[in-house]
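# Tertiary structure, described
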Amino acid sequence: QQPVQSPQAVILREGEDAVINCSSSKALYSVHWYRQKHGEAPVFLMILLKGGEQKGHEKISASFNEKKQQSSLYLTASQLSYSGTYFCGTEGGSQGNLIFGKGTKLSVKP
Amino acid sequence: DTAVSQTPKYLVTQMGNDKSIKCEQNLGHDTMYWYKQDSKKFLKIMFSYNNKELIINETVPNRFSPKSPDKAHLNLHINSLELGDSAVYFCASSQIRNRGASEQYFGPGTRLTVT
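First, a word on scope: everything that follows refers to the structure included in this document. (Residues numbered from 1 in each chain as written. Chains lettered and ligands numbered in written order. Predicted model: local features only at pLDDT ≥ 70, side-chain atom pairs only at ≥ 80, totals over all residues. Heavy atoms only, no water.)

Residue and element names in this part refer to chain B. Sheet architecture is open: 4 strands sit in the order 1-3-8-7, paired in antiparallel fashion. The outermost strands of the open sheet, each flanked by one partner alone, are strand 1 (4-7) and strand 7 (64-70). Taking the axes of each pair of neighbouring strands and ignoring which way they run, one obtains an average angle of 20 degrees across the sheet. With 5 bridges connecting them, strand 7 and strand 8 (residues 73-78) associate as antiparallel partners. Directly across from Asp70, in strand 8, lies its bridge partner His73. (Pairing = 2+ DSSP bridges. Helix = DSSP H or I, 4+ residues; strand = E, 2+ residues; numbered from the N terminus. Axes fitted to C-alpha atoms, helices over the stretch in contact; angles between N-to-C directions.)

Okay, here's the thing in C-alpha cells:
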C-alpha cells in the first residue's frame, strides 16, 4: 500500500527549516527517501531501518518511528539546492521493490 | 562514468506500435528495476529482476515485458502502445544486501510520448 506524504508542497526562504512526513498503514521494516529535481532522475538520500540503523549523506536528517509506522525528513537551514520533489518509499516485497508516496514538492526561494 | 544509462532519452511514437527501451548499469548490481512516472509525478514500480527471479507488479499490462540479456542489462519492451503509456520510464539498480537496506540508483529516464 502506498505511503502517505505530507505536506504535498512547501515553499521556504533560504535558511528556513522544513519537515516532510511519511506514514504507512502497514508495518515497516525500512523507509527510503529520494529527491528528484525537475527533469532529472530520483536520487537516493537516506534509508532508515527498523532497529534504528540509518544510512544517508548530506546535511539532511530523518527519524523513523516503527510503532507509529512513520518517518520524518528534516531539512535544516535550507539551501536553494534543496529544491525538488521528495519521495519516501517503503518496501513492497522482496528484491527491494519500493512503493513510493506521491511526493512533496519543496521550493526554496532566495 | 555513467552508473545507470538508458536509451533513448526521448521516444515519440504512434498508437499500436511496438517499442523498446534499453537500460544498462555498470555498478555490478544484482537487481534491476523499471519504474513508470506519470504526468502527476507518481513513481510506480513495474518490475524488478535479478538473475533468479522476475517480480511483476500485478497492475502492469502484459503488453509490457522486461528482457535481460545479462546481469548488467534490463530492457523494456512495449507492444501495442496506447495513449496512456505516455510517461517517463526510469530504470534503476541496486545490490541487495539486507532486507530493506539497499539504495537504488536511477537512470536518467526515457520520456515516451504516444500520439
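Turning next to the pattern of salt bridges. Residue and element names in this part refer to chain B. Summed over the entire model, instances satisfying the criterion amount to 2 salt bridges over all chains. Note that Arg63 is salt-bridged to Glu82, the shortest N-O span being 3.5 Å. Remark: Glu82 occurs in the loop between strand 8 and strand 9 (87-94) and Arg63 occurs in the loop between strand 6 (54-56) and strand 7; sequence separation between them is 19 residues. The exposure class assigned to Glu82 is partly exposed, which follows from its relative accessible area of 41%. Owing to a relative accessible area of 13%, Arg63 belongs among the buried residues under this scheme. Residues joined in a network through salt bridges with shared partners are Arg63, Glu82 and Asp85. (Salt bridge = Lys/Arg side-chain N within 4 Å of Asp/Glu carboxyl O. Buried < 20%, exposed > 50% of the residue type's maximum accessible area, 1.4 Å probe, protein only.)

Glancing now at the nonpolar core. Soluble, globular proteins show a tendency: their nonpolar side chains are buried together. Core analysis: the largest hydrophobic core is formed by 21 residues, its most contacted members being A:Trp33, A:Leu45, A:Leu73, A:Leu75, A:Tyr86 and A:Leu106. Of all elements in the fold, only strand 2 (9-13), strand 3 (18-23), strand 4 (30-36), strand 5 (42-49), strand 7 (60-65), strand 8 (70-75), strand 9 (84-91) and strand 11 (104-109) of chain A reach the threshold of two or more residues within this core. Among the nonpolar cores identified, the runner-up in size contains 19 residues, and B:Cys23, B:Trp34, B:Phe47 and B:Cys91 belong to it. (Core = buried A, V, L, I, M, F, W, Y, C linked by side-chain atoms within 4.5 Å.)

Attention now goes to the packing of aromatic side chains. Here the structure, examined in full by the defined rule, presents 10 aromatic pairs over all chains. On the basis of an interplanar angle of 40 degrees and a centroid distance of 5.3 Å, the ring pair of B:Tyr35 and B:Phe106 is categorised as tilted. Separated by 71 residues along the polypeptide, B:Tyr35 in strand 4 (residues 31-37) and B:Phe106 in strand 10 (residues 105-106) bring together distant segments of the chain. The exposure classification of B:Tyr35 matches that of B:Phe106, with both residues buried. Aromatic rings pair up to connect A:Tyr34, A:Phe44, A:Phe87, A:Phe100, B:Tyr33, B:Tyr35, B:Phe90 and B:Phe106 into one cluster. (Phe/Tyr/Trp six-rings, centres within 6.5 Å; stacked < 30°, edge-to-face > 60°.)

Residue and element names in this part refer to chain A. The strand order across the open sheet built from 4 strands is 1-3-8-7, with neighbouring strands paired in antiparallel fashion. In the strand order of this sheet, the two ends are held by strand 1 (4-6) and strand 7, each with one partner. Recorded for the sheet is a direction-independent mean angle of 15 degrees between the axes of neighbouring strands. Examined bridge by bridge, strand 7 and strand 8 share 6 bridges and lie antiparallel to one another.

Turning next to a positive patch on the surface. On the surface, A:Arg13, A:Lys105, A:Lys109, B:Lys9, B:Lys41 and B:Arg111 cluster together into a patch of positive charge. By the element assignment, A:Arg13 lies in strand 2. (Patch = residues over 30% accessible without salt bridge, like charges linked within 9 Å, V, L, I, M, F, W, Y side chains within 5 Å. Areas by Shrake-Rupley, 256 points an atom, 1.4 Å probe, with all protein chains shown as cover. Lys, Arg positive; Asp, Glu negative; His and termini not counted. Charge placed at Lys NZ, Arg CZ, Asp CG, Glu CD.)

The subject of this paragraph is the state of the cysteines. For the structure shown, the criterion picks out 2 disulfides over all chains. Across the disulfide, A:Cys22 is cross-linked to A:Cys88 (sulfur-sulfur distance 2.0 Å). Taking the torsion about the S-S bond as the criterion, the A:Cys22 to A:Cys88 disulfide, at about 70 degrees, is right-handed. Of this pair, A:Cys22 sits in strand 3 while A:Cys88 sits in strand 9, and the two are 66 residues apart along the sequence. The pair A:Cys22 / A:Cys88 is uniform in exposure class, with both members buried. Covalently, B:Cys23 is tied to B:Cys91 through a disulfide, its sulfur atoms 1.8 Å apart. On the S-S bond that ties B:Cys23 to B:Cys91, the torsion sits near -75 degrees, and the link is left-handed. Here the residue B:Cys23 occupies a position in strand 3 (residues 19-25), and B:Cys91 occupies one in strand 9, the gap between them amounting to 68 residues. (Disulfide = S-S within 2.5 Å.)

So far we have only geometry, and geometry alone does not tell us how the molecule works.
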